[in-house]
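Analysis of the macromolecular model
Listed below, chain by chain, are the residues.
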Amino acid sequence: MTPQHEAAAGAQPGPRTRRGRPRSADVVDIGKKLLDAALGEFLGHGYGGASMTRIVQAAGASKTTLYSRYPSKEQLFRAIIREQIERLSPSASLRSDAGPLGLEQGLVAYANDMLTRSLQGDLLGVDRLIYSESHQFPELGAAAAERTELGIKRIAGFIRDCAVRDGIPCKDPRAPAEAFIFMIRGWYANVVLGNRNVSPAQRERWVRRAVRALLAARGDWWSPARRAASDTGQRA
């Protein structure tokens, strides 16, 4: 046996690299890269023109990784919207360091916060995309409707909590919540589609008027029992 063979025979195999599950930090990192790349692709090429191939190339990932997380372009787009909502943390505007805000103060703060953020950056870009392509891709409208529904549920819960604190029972908190959210969305759509430049002072003034108009009908939010008691008192 040659010295070379003896050395080879006596050599101990090196430790094998074990390939297990990726670390949670790596999973989060690749997820963020995919969503960031997808957002750039949608904003740059539109929904219809977006390429899943370009997305994985920009993210430095494989198609297998992408499709295991988001089997379709629609699910990828919905994931972007969910990430935007989480980043906004909309419930935070309904509270202060001292605790939950009052009804009028909370609605005003929520509307101003959501409108301010939605009129800039990638949130505005995504909404413009939805407005321009939802007629061709109904799934975009469905994703927007899902986002709106989350806002309605959030505000309905806030109205219900305020009703309990204020001692003014609300028979159907969803009804004023829908009116509030649709007012905000309608004003926002008017500004975006009209390409209007609105100053913060103009926006704040409109928000105050809209919230006060909504609250002027708060008596109609009462529960049937509260309304009956009020009517009885007026007749007496």
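Refer to the structure above for everything that follows.
Residues numbered from 1 in each chain as written. Predicted model: local features only at pLDDT ≥ 70, side-chain atom pairs only at ≥ 80, totals over all residues. Heavy atoms only, no water.

**Focus: unusual backbone geometry**
Defined as follows: Going along the chain from the N terminus, every DSSP run of H or I of four or more residues is numbered as a helix, and every run of E of two or more is numbered as a strand. Burial here depends on accessible area, computed with a 1.4 Å probe over protein chains only, as a share of the maximum for the residue type. Under 20% is buried, over 50% is exposed, and the range in between is partly exposed.
Positive phi, close to 50°, is recorded for Asn-195, a residue that is not glycine. Within the fold, Asn-195 resides in the loop between helix H9 (174-193) and helix H10 (200-215). Judged by relative accessible area, Asn-195 falls into the exposed class, the value being 57%.

**Re the nonpolar core**
Under the convention used in this document: The criterion is simple. A nonpolar core is a set of buried Ala, Val, Leu, Ile, Met, Phe, Trp, Tyr and Cys residues joined through side-chain atoms within 4.5 Å. By definition, residues are in contact when any of their heavy atoms lie within 4.5 Å.
Counting 34 residues, the largest nonpolar core has Leu-103, Leu-107, Tyr-110, Ile-155 and Phe-180 as its most contacted members. Within the residue set of this core, elements represented by two or more residues are helix H6 (103-118), helix H7 (121-133), helix H8 (138-166), H9 and H10. A total of eight residues in this core trace back to one element, the largest contributor, which is H9. Here Ile-155 is in contact with Leu-94, Leu-107, Tyr-110, Ala-177, Phe-180 and Ile-181, once residues within four sequence places are set aside. Listed in part, the 28 residues of the second largest apolar core include Leu-34, Leu-35, Ala-79 and Ala-144.

**Considering the pattern of salt bridges**
As a reminder, the rule being used: Here, a salt bridge means any Lys or Arg side-chain nitrogen found within 4 Å of an Asp or Glu carboxyl oxygen.
Inspection of every chain in the model, using the stated rule, returns 14 salt bridges. Taking the shortest distance from any N to any O, the salt bridge between Lys-33 and Asp-29 comes out at 3.4 Å. Within this pair, Lys-33 and its partner Asp-29 are both found in helix H2 (residues 24-49), separated by four residues, close to a single helical turn. We note a salt bridge from Arg-117 to Asp-113, for which the minimum N-O separation is 3.1 Å. Of the two residues, Arg-117 and Asp-113 both sit in helix H6, four residues apart, roughly one turn of that helix. Since its relative accessible area comes to 31%, Arg-117 is described here as partly exposed.

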